Amino acid sequence: ADSPGSPVPNDILMRIKHALAGKEDIDIGHFQWINLDMIKDEVGDRWIDIRKKIYNAAASHLEKRLGKDDALLRCRGGFIVVYADLTGDEAAAQTASLAESVNRFFLGDRVLRNLEITAKNTRLDVSEFADLLKRTTLENDAPAEIPPAANSDQHALSAKEYSAWR
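The model shown is predicted, which means the values in this text are computed figures rather than measured ones.

Examining the overall build of the chain
Here is step 1: The helix and strand inventory of the chain stands at six helices and four strands.
Here is step 2: Of the regular secondary structure in the chain, the N- to C-terminal order runs α-β-α-α-β-β-α-β-α-α.
Here is step 3: Taken across its 166 residues, the chain has 45% of its residues classed as buried.
Here is step 4: Considering only intrachain contacts with a sequence separation of at least 6, the fraction spanning at least 24 residues in the chain is 77%.
Here is step 5: Accessible area of the chain: about 8800 Å², with a carbon and sulfur share of 48%.

Structural data, given as structure tokens:
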């Protein structure tokens, strides 16, 4: 995993270039954490380690569910997914499904049960996407400049997902 301040890995940049090739616009999913401050207050001195665990577990969970050419970018407060092949309703459905899946994943943990991720699908033209990348420092703890979306309120955690997180 990349540490804060590290550049975007080449494999992710290549996936973004592939996703943008020959297109005038692109669909992205923006995932924004809610209640991180509440978790931070609860875990106190363990916050740095818990935050890393949250981001790493969520990134791994998301990456397993993305298309091979999709790109996952970490940013402050969440993630941005660049869809290579999905557009419109398909991209919106995938974004909602991914958010619901991440929320189910964390629900069973006593400390993290109040952690939630919201998601919004956005269609940007290529120049808007380039501007977004310029404004957003793509790090574990950098600002994402897309407003958060509505909450998903469907939660359930499988034993396999919970054991993978623990």
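Some points on the sheet that holds strand 4 (residues 116-125)
Here is step 1: Pairing in this open sheet of four strands is antiparallel, and the strands run 2-3-1-4 from one edge to the other. Looking at which strands have only one partner, the edges of the open sheet turn out to be strand 2 (71-75) and strand 4. With direction set aside, neighbouring strand axes in the sheet form an average angle of 20°.
Here is step 2: Of the strand pairs in this sheet, strand 2 and strand 3 (residues 78-82) are connected by five bridges, and their pairing is antiparallel. Paired with Ala71 across the bridge in strand 3 is Val82.
Here is step 3: Against the sheet, helix 4 (residues 88-107) engages strand 1 (25-34) and strand 4, with an angle of about 160° to strand 4.

Considerations on helix 3 (residues 47-63)
Here is step 1: Its 17 residues give helix 3 an end-to-end C-alpha distance of 24 Å, which sits within 8% of 24 Å, the value for a rise of 1.5 Å per residue.
Here is step 2: Restricting attention to buried positions, one finds in helix 3 the residues Trp47, Ile50, Arg51, Ile54, Tyr55, Ala57, Ala58, Ala59, His61 and Leu62.

Focus: the nonpolar core
Here is step 1: Grouped together as the largest cluster of nonpolar side chains are 29 residues, with contacts concentrated most on Phe31, Trp33, Ile39, Ile54, Phe79 and Phe106.
Here is step 2: Residue contributions to this core peak at eight residues, all from helix 3.

Let's talk about the pairing of strand 3
Here is step 1: Burial analysis of strand 3 places five of its five residues in the buried class, which makes it a mostly covered element.
Here is step 2: As judged from the five bridges shared by strand 1 and strand 3, these two strands associate in the antiparallel manner. Note that in strand 3 the partner of Ile28 across the bridge is Val82.
Here is step 3: Hairpin geometry of strand 2 and strand 3 is characterised by an intervening segment of two residues between the two adjacent antiparallel strands and by a positive phi of about 80° at Gly77.

A few points about the environment of Pro9
Here is step 1: By the secondary structure assignment, Pro9 is in the segment before helix 1 (10-20).
Here is step 2: On the basis of relative accessibility, which here comes to 22%, the residue Pro9 falls in the partly exposed class.
Here is step 3: Linking Pro9 and Leu73, residues 64 residues apart in sequence, is a C-alpha distance of 9.7 Å.

Some thoughts on unusual backbone geometry
As a rule of thumb, non-glycine residues mostly have phi less than zero, and peptide bonds are mostly trans rather than cis.
Here is step 1: Positioned with a positive phi, Asn35 is a non-glycine residue whose angle comes to about 75°.
Here is step 2: Its place among the elements puts Asn35 in the loop between strand 1 and helix 2 (36-43).

A look at the packing of helix 3 against helix 4
Here is step 1: At a closest axis distance of 10 Å, the pairing of helix 3 and helix 4 adopts a crossing angle of 135°. Considered as vectors, helix 3 and helix 4 are oriented oblique to each other. The chirality of how helix 3 crosses helix 4 is right-handed. Contact with helix 3, carried on its side by Ile54, Ala57, Ala58, His61 and Leu62, involves Leu98, Ser101, Val102, Phe105 and Phe106 of helix 4 and no other residues of that element.
Here is step 2: Residues that form the contact of helix 3 with helix 4 fall into these classes: eight nonpolar, two polar and no charged.

Calculation notes
- Residues numbered from 1 in each chain as written.
- Predicted model: local features only at pLDDT ≥ 70, side-chain atom pairs only at ≥ 80, totals over all residues.
- Heavy atoms only, no water.
- Helix = DSSP H or I, 4+ residues; strand = E, 2+ residues; numbered from the N terminus.
- Buried < 20%, exposed > 50% of the residue type's maximum accessible area, 1.4 Å probe, protein only.
- Contact = heavy atoms within 4.5 Å.
- Areas by Shrake-Rupley, 256 points an atom, 1.4 Å probe, with all protein chains shown as cover.
- Pairing = 2+ DSSP bridges.
- Axes fitted to C-alpha atoms, helices over the stretch in contact; angles between N-to-C directions.
- Expected span 1.5 Å × (residues − 1).
- Core = buried A, V, L, I, M, F, W, Y, C linked by side-chain atoms within 4.5 Å.
- Parallel < 35°, antiparallel > 145°, perpendicular 65-115°, else oblique.
- Left-handed = near helix turned anticlockwise from the far one by under 90°.
- Nonpolar A, V, L, I, M, F, W, Y, C, P; charged D, E, K, R; others polar.

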